[in-house]
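Listed below, chain by chain, are the residues.
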Amino acid sequence: MKMAGKKDRLLYCATSLAALFAPGIAMAQEAADPPSQADIVVTAQRRAQNVVDVPLTVNVLSGAELTKRSVTSLQDIADNVPGLDVFSQGGGKQLIQIRGINSLRGTSSLVGIYLDETPLTGSQDGFYPVYADAGTLDLARVEVLKGPQGTLFGEGAMSGVIRYVTNDPKLDRIGGTIDYSLFATDGGRASAQMKAALNLPLSDTLAVRFAGEYQNNGGWLENVGTGARNVNSSQIYDGRVKLLWQPDSRLRVVGMVDIRHNDEDSPSYANILPYDKGLYRHAIDPHGRTSGVSELDLYSLRVEYDLGFAELMSNTAHSRRYSNSNLDQIYYATNDPAAPITLEIANTRYLNKQSITSQELRLTSKGDGPFKWVLGGIYKDDDLLRHFLDGAELLYPPSTTVTILQEPIRTTSKSWAVYGDASYSPFRQLEIGGGLRYSHDDRSFTDGTLPTASGTFSRVTYRAFVKYDVARDANLYFNIGNGFRSGGFNAVVNPAFPPPLSYAPERSMAYEAGFKASLLDGKLGVNVAAFQQYYRGQVYDRVVLTPVFLQYTANGGNTRIRGVEWQLTASPVRALRLSASGTVMGSVFVASTPEAEVDFPPGTSPLALPKYSLQLSANYGFNWAASIPGYFDIDFNHKDKLVGGQGVTRIVTGPQSFLGASLGATVEGLDIAIFARNLLNEHSPYYPTLGGIGAVPRPRQIGIRLGKSF
């Protein structure tokens with residue numbers, strides 16, 4: 001592909017020259033030791049722990065790592081975490097998958113997403129998942145928890161949890177950060193991104209932290225209907241204010257307001273085969289509206305009080321999510337670009353509004369004694385509305401056009417849960433633990449003028465684990481846990497040909513055995529886990545083409561997923577850190593209905609998961625000069641092909657390979673770096689689908705970043 005525009009060519013030349021004429025490198029004498037696993041603290045079990053001591057697979061990316069690798073989205077995070085797959089289409093539209101299980105269909109997310117203590121996921125659009133886009137603004141770290149987390153995180157966490165942990169205000173100093181990056185996209189427009197944070201103590205007991213972000217992301221897709229190029233540009237605005245009041249050592253009160261807004265000129269997916277060419281057009285009407293918007297407003301109040309024997313935490317939160325965008329689907333008879341188009345669906349002005357109010361109380365034991373425990377309860381009120389404001393137009397070539405889905409569809413959920421988790425160490429090396437959670441979910445579904453459907457879903461979930469320390473900072477563990485997702489209801493598109501009106505809940509059960517170690521004074525880190533997960537009552541997208549087109553959610557059967565996940569980190573010399581991680585996975589599907597057996601014949605599966613993935617990275621610190629430290633980062637991510645589709649039509653995407661690098665220096669406190677992402681110019685779509693669209697990665701990017709901390 002050729003560069004688009006004079007500014008982009010100049011940017012490529014500038015960054016290339018910077019790399020070619022970089023000053024000679026002096027060997028590092030005082031480079032800082034890279035952090036070891038023994039230094040990483042997480043709250044994956046609702047208490048602060050060293051990541052080595054957590055008896056489940058947890059991947060952690062610090063805020064510093066996110067900045068250094070120019071990570072700005074969940075899609076970027078997935079490129080650095082084995083077993084996490086994100087298939088982004090821009091504007092908050094993304095499919096999230098952990099260990100092969102995703103939320104393409106169903107009543108709620110199968111991956112829980114949290115911002116601090118606030119759940120961002122709840123009911124989901126069973127037709128087209130539109131998830132809250134949390135971004136990466138001013139984060140302390142991101143934690144990715146693998147496997148069912150039904151006990152501590154509840155319904156909607158069947159495959160895992162992603163936790164964004166933001167920086168709290170500090171009482172002891174004024175400080176902040178500012179970060180600016182400018183980059184070019186191969187074949188697309190230039191992009192600019194800016195982030196800033198400021199911490200201000202207002203008194204001995206009061207502090208405030210401001211954080212803001214602006215992204216002007218240039219597009220790269222071509223609209224073949226209008227001939228316009230680079231049509232999928234977007235602008236993101238994010239602002240956050242956190243206020244800390246700490247009158248004494250026992251009480252902490254943190255209030256937060258976070259407002260995030262995303263404007264897109266066009267969807268970031270292709271719908272003209274082959275998808276890897278990056279071609280798009282508005283379905284039916286080539287000159288139709290393509291712009292969209294996605295918003296997330298979050299308000300929370302967290303109160304922590306030290307009772308002496310335990311810490312009491314209360315988190316009250318309200319979030320509002322809004323999106324209004326296009327979904328233009330173009331179906332071909334086969335996966336061949338030369339095949340005839342059989343159906344076009346134009347979902348113009350597809351409205352999605354959601355509000356979630358939640359209240360959680362949690363009591364966590366304190367101290368280093370052998371018995372530790374957590375008790376808690378949560379209430380969540382969730383209201384989701386989706387509406388095709390202009391209707392959904394269907395075109396059956398050559399000329400038949402039908403308009404449907406003009407009535408709003410509302411889903412409500414009022415749920416509550418109580419949970420308890422505890423562990424006991426009869427002697428220093430051994431820890432035994434487990435937990436229970438009871439969840440109750442009252443759901444209703446209103447489809448236009450049809451009678452409201454409702455149902456109550458309740459379930460007890462549990463977990464148990466045993467951990468044995470074979471040496472200091474080295475342990476073996478085994479855990480077992482389950483999860484569930486409530487059942488739901490289908491929209492009636494055509495009353496003359498209604499689909500099944502409901503589908504049943506889903507359940508999962510997982511087993512994991514692993515070894516974690518931080519050895520040689522942190523110079524060597526080892527994480528290895530073998531897992532097996534059963535996904536029962538799995539829902540999938542049932543498509544019927546005759547006598548009329550029907551698309552609805554149905555329970556298909558049971559899937560068994562087996563795999564091995566591993567991560568090795570090493571610091572052979574003080575300034576060098578190496579990392580290698582990956583997964584090997586496979587799934588077997590057993591159909592439970594005649595329809596599912598037709599849609600997924602023996603040897604196929606509704607799960608599109610890579611059989612293997614590999615992530616490699618290296619970070620080297622050095623000195624450009626006596627007072628100018630520098631670094632070089634390189635990372636590589638490879639994922640095997642994905643196989644999807646239904647019936648005799650199987651769609652294959654990938655394999656995918658991504659290469660990124662950055663070279664930086666700190667000159668009188670100013671961080672300067674050149675960086676590159678997707679150096680191999682990977683174009684293969686993220687996810688195989690019969691849905692008439694293909695999400696494709698942003699092509700090669702090369703840019704420069706400036707940063708300052710004070």
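Residues numbered from 1 in each chain as written. Predicted model: local features only at pLDDT ≥ 70, side-chain atom pairs only at ≥ 80, totals over all residues. Heavy atoms only, no water.

Re the pattern of salt bridges
Then comes step 1: Applying the stated criterion across every chain yields a total of 37 salt bridges.
Then comes step 2: The residue Asp-258 makes a salt bridge to Arg-240 at a minimum N-O spacing of 2.8 Å. Of this pair, Asp-258 sits in strand β16 (residues 251-264) while Arg-240 is found in strand β15 (residues 234-245), placing the two residues 18 residues apart along the sequence.
Then comes step 3: We classify Arg-240 as buried; its relative accessible area is 3%.
Then comes step 4: In this structure, the salt-bridge partner of Glu-431 is Lys-467, at a minimum N-O distance of 3.7 Å. Remark: Lys-467 occurs in strand β27 (residues 453-471) and Glu-431 occurs in strand β26 (residues 430-447); sequence separation between them is 36 residues.
Then comes step 5: Take Glu-431: its relative accessible area is 12%, and that puts it in the buried class. (Salt bridge = Lys/Arg side-chain N within 4 Å of Asp/Glu carboxyl O. Helix = DSSP H or I, 4+ residues; strand = E, 2+ residues; numbered from the N terminus. Buried < 20%, exposed > 50% of the residue type's maximum accessible area, 1.4 Å probe, protein only.)

Structural notes on the nonpolar core
Then comes step 1: Counting 26 residues, the largest nonpolar core has Ile-77, Leu-84, Ile-96, Val-142, Ile-162 and Tyr-164 as its most contacted members.
Then comes step 2: For this core, the secondary-structure elements that each account for two or more residues are α3 (74-78), β4 (84-88), β5 (94-98), β7 (111-115), β9 (139-146), β10 (160-166) and β19 (292-306).
Then comes step 3: Setting aside its immediate chain neighbours within four residues, Tyr-164 contacts Leu-74, Ile-77, Ile-113, Tyr-114, Leu-115, Asp-116, Ala-134, Gly-135, Leu-139, Arg-141 and Val-142.
Then comes step 4: Grouped together as the second largest cluster of nonpolar side chains are 15 residues, Ala-44, Val-54, Tyr-114 and Ala-157 included. (Core = buried A, V, L, I, M, F, W, Y, C linked by side-chain atoms within 4.5 Å. Contact = heavy atoms within 4.5 Å.)

Digging into the sheet that holds β4
Then comes step 1: What the three strands build is an open sheet, ordered β4-β5-β6; its pairing is antiparallel. Strands at the two margins of the open sheet, each flanked by one partner only, are β4 and β6 (101-102). (Pairing = 2+ DSSP bridges.)

Quick notes on the pairing of β15
Then comes step 1: Pairing of strand β13 (residues 206-217) with β15 involves twelve bridges; the strand directions are antiparallel. Within β15, the residue paired with Glu-213 across the bridge is Asp-238.
Then comes step 2: Taken together, β15 and the strand that follows it, β16, pair antiparallel across an intervening segment of five residues.

With respect to the sheet that holds strand β3 (residues 58-62)
Then comes step 1: Strands sit in the order β3-β9-β10-β7-β8 across an open sheet of five strands; the sheet is mixed. Edge positions in the sheet fall to β3 and β8 (118-119), since each of these pairs with one other strand and no more.

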